[in-house]
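Spelled out from the first residue to the last, the chains are:
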Amino acid sequence: MIDSPHKGITVKVTYGLLTLGFFALVAISVLGETIPVNDGAGFDGEFYREVFRNFFGTFFSTGYDSFRIQRIFPFCLMNVVYTVAGIPHDNPHMITGMYVLLFVNLALQVHLFFKFAQFLKWRPVTTVILFALFFLNFATLKGYGYEPFQTDPYAITIAFASYYLFAKGKKHVAFAVSLLGLITWPTITYVMALLLLFPHRLGGSSSGAPCAGKFASILDKPFPKIFQVLPIAYGLVAGALVLLFYAFHKQANLEGLLLTAPCPRNIAISLGLFTLISFLFAVCLKIPTIPYSIHSYIRSFNVKAFAGTALCIVAVSLLLRMFTNNEFFFDGKLFLLQIIVRPLKYPLISLAGHVVYWGALIPVILALAKGFTRNFAERSPGHALVLLAFLFFALDSEARHIATFVPLLLPALGKALDDANLTVKPAVYIVILQLVLAHTYITINVPGLAESLESAKFTTRAAQRYLMNYGPWMTHRNYMDWLATALCTFVSINEVFKRNKRPEKQ
């Protein structure tokens, strides 16, 4: 807490310096280099650039495929702005427009972050650490500027804005904002729906009428040791899927998911280590169970919210279907399947992938796992379900898939950091560590990069400068380097947090 006006001024200066430093780093990144594929659009970006160029012409004539029509928001918005303003829809003007939109978007994220910090009354040290974790990473400092035609930064802003409004009690407005997710990143809308459907914090066995019989007793018990059961459940499901691939001679499909030739020995080692380490981690830290029973969820369920959210989601979905063509780009079921299977490529590749993309975010969560889990789950039954959804998406070594969950992690992580009662040193350490892990100083555009990417030679040293940042495409050498970095990051953060706590007041 701030005890004097002088401390308040110091805090504002600190936050101002963080903000200025952040935007300076993003500007350096934008001016430094952009992806050379498709004249600065990248792979998926080529499609999004065409949405920007000719949204109305395509939307009302041929339409878009069922997957990518859910990702068009920022680009159709820019098409409308450019059309109304009479700005040419050529590539240089569009790239400039995307960079302007990016900086406006990041400014809104910074504004929302500090509004959240003020609302939740985080300690200054906590605010600095969370700012570094949220903003000073490869995704923000390099990825967004390097490849401007992507939805990720705008999806994060929509998720952040809707969750901030939800926390402020403006639930109808929060859901209205989250509906933009259906044309940006649908997870945003469904996550907000979960929070609205199960909003009331209820106890476990005390939440309902007296139990009658064995079945009622089961309904009234909180989920026992769920974080110890989940790793075993994952091991069984993933192992069964791999066996099915081999039983039906679908190794080529498995290779497509793993982006490498499947090796039964390596898959077995990865599966065994991931399951065992996750189980031991949950046991050793004594991570608390979810404090809600099935009966709690039944009593918490908001029927009015269900009717309203379902009606809105169905209405928007039906409207989009009217402008959806029969082209196939990607299957949502395949997306869920790859999340389960991809961790089997290398042992703990998911951890390595998250550190490449987000820096120290996941290691900090792991270091504070007990408090973080309790703080998140206890907010409401809906939050407990969102936590489980986050854990599922975090399985994927393509770490960008947790992007829309990151703003929702901040309150629980902030409470855990406040409770840790840290000195200033950990904040300084995290800021420096994040800047190192962000590896923005590593030039991606080297000779041979464009040729390697365009000819799909993804394992060359040149191509890996770009593709190592998206976990599944890592070569074994890059995986080993980043896994070692991730483990060292976790150990060092754990030690810094332990050694730099303020003494308890007598």
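For the structure, see preceding data.
Residues numbered from 1 in each chain as written. Predicted model: local features only at pLDDT ≥ 70, side-chain atom pairs only at ≥ 80, totals over all residues. Heavy atoms only, no water.

**A few points about the packing of helix H11 (residues 226-247) against helix H13 (residues 264-285)**
Contact pair H11 / H13: the axes reach a minimum separation of 7 Å and the direction vectors enclose 170 degrees. Comparing the axis directions of H11 and H13 gives the class roughly antiparallel. Between H11 and H13, the residues in contact are Phe227, Gln228, Pro231, Ile232, Tyr234, Gly235, Ala238, Gly239, Val242 and Tyr246 and Pro264, Ile267, Leu271, Phe274, Thr275, Ser278, Phe279, Ala282 and Val283, respectively. Residue composition of the contact of H11 with H13, grouped by class: 14 nonpolar, 5 polar and no charged. (Axes fitted to C-alpha atoms, helices over the stretch in contact; angles between N-to-C directions. Helix = DSSP H or I, 4+ residues; strand = E, 2+ residues; numbered from the N terminus. Parallel < 35°, antiparallel > 145°, perpendicular 65-115°, else oblique. Contact = heavy atoms within 4.5 Å. Nonpolar A, V, L, I, M, F, W, Y, C, P; charged D, E, K, R; others polar.)

**Section: the packing of aromatic side chains**
Going through the model one piece at a time under the given rule, you end up with 50 aromatic pairs. For the pair Phe22 and Phe135, a centre-to-centre distance of 4.9 Å together with 50 degrees between the ring planes defines the contact as tilted. Here Phe22 is found in helix H1 (residues 5-32), whereas its partner Phe135 is found in helix H5 (residues 124-135), with 113 residues between them in sequence. Accessibility classification places Phe22 together with Phe135 in one group, the buried group. The ring centre of Phe47 lies 4.0 Å from the NZ or CZ of Arg68, which sits over that ring. Sitting over the ring of Phe329, Arg68 keeps its end group 3.9 Å from the ring centre. (Phe/Tyr/Trp six-rings, centres within 6.5 Å; stacked < 30°, edge-to-face > 60°. Buried < 20%, exposed > 50% of the residue type's maximum accessible area, 1.4 Å probe, protein only. Lys NZ or Arg CZ within 6 Å of the ring centre and 35° of its normal.)

**Describing the environment of Phe119**
Structurally, the position occupied by Phe119 is in helix H4 (residues 91-120). On the basis of relative accessible area, Phe119 is assigned to the partly exposed category, the value being 34%. Remark: the alpha-carbon pair of Phe119 and Ala238, spanning 119 residues in sequence, is separated by 41 Å.

**Looking at the pattern of salt bridges**
Here the structure, examined in full by the defined rule, presents 10 salt bridges. Linking Glu33 and Lys142 is a salt bridge whose minimum nitrogen-to-oxygen distance equals 2.6 Å. Placement of the pair is Glu33 in the loop between H1 and helix H2 (44-59) and Lys142 in helix H6 (residues 138-146), with a sequence separation of 109 residues. As far as the burial class goes, Glu33 and Lys142 line up, both buried. Members of the salt-bridge network, linked through shared partners, are Asp152, Arg342, Asp396, Glu398 and Arg400. (Salt bridge = Lys/Arg side-chain N within 4 Å of Asp/Glu carboxyl O.)

**Focus: unusual backbone geometry**
In the Ramachandran plot, Asp39 falls in the positive-phi region, its phi being about 55 degrees despite a non-glycine side chain. Here Asp39 lies in the loop between H1 and H2. We classify Asp39 as exposed; its relative accessible area is 55%. With a phi close to 55 degrees, Asn421 is a non-glycine residue in the positive phi region. Position of Asn421 relative to the elements: it lies in the loop between helix H21 (406-420) and helix H22 (424-437).

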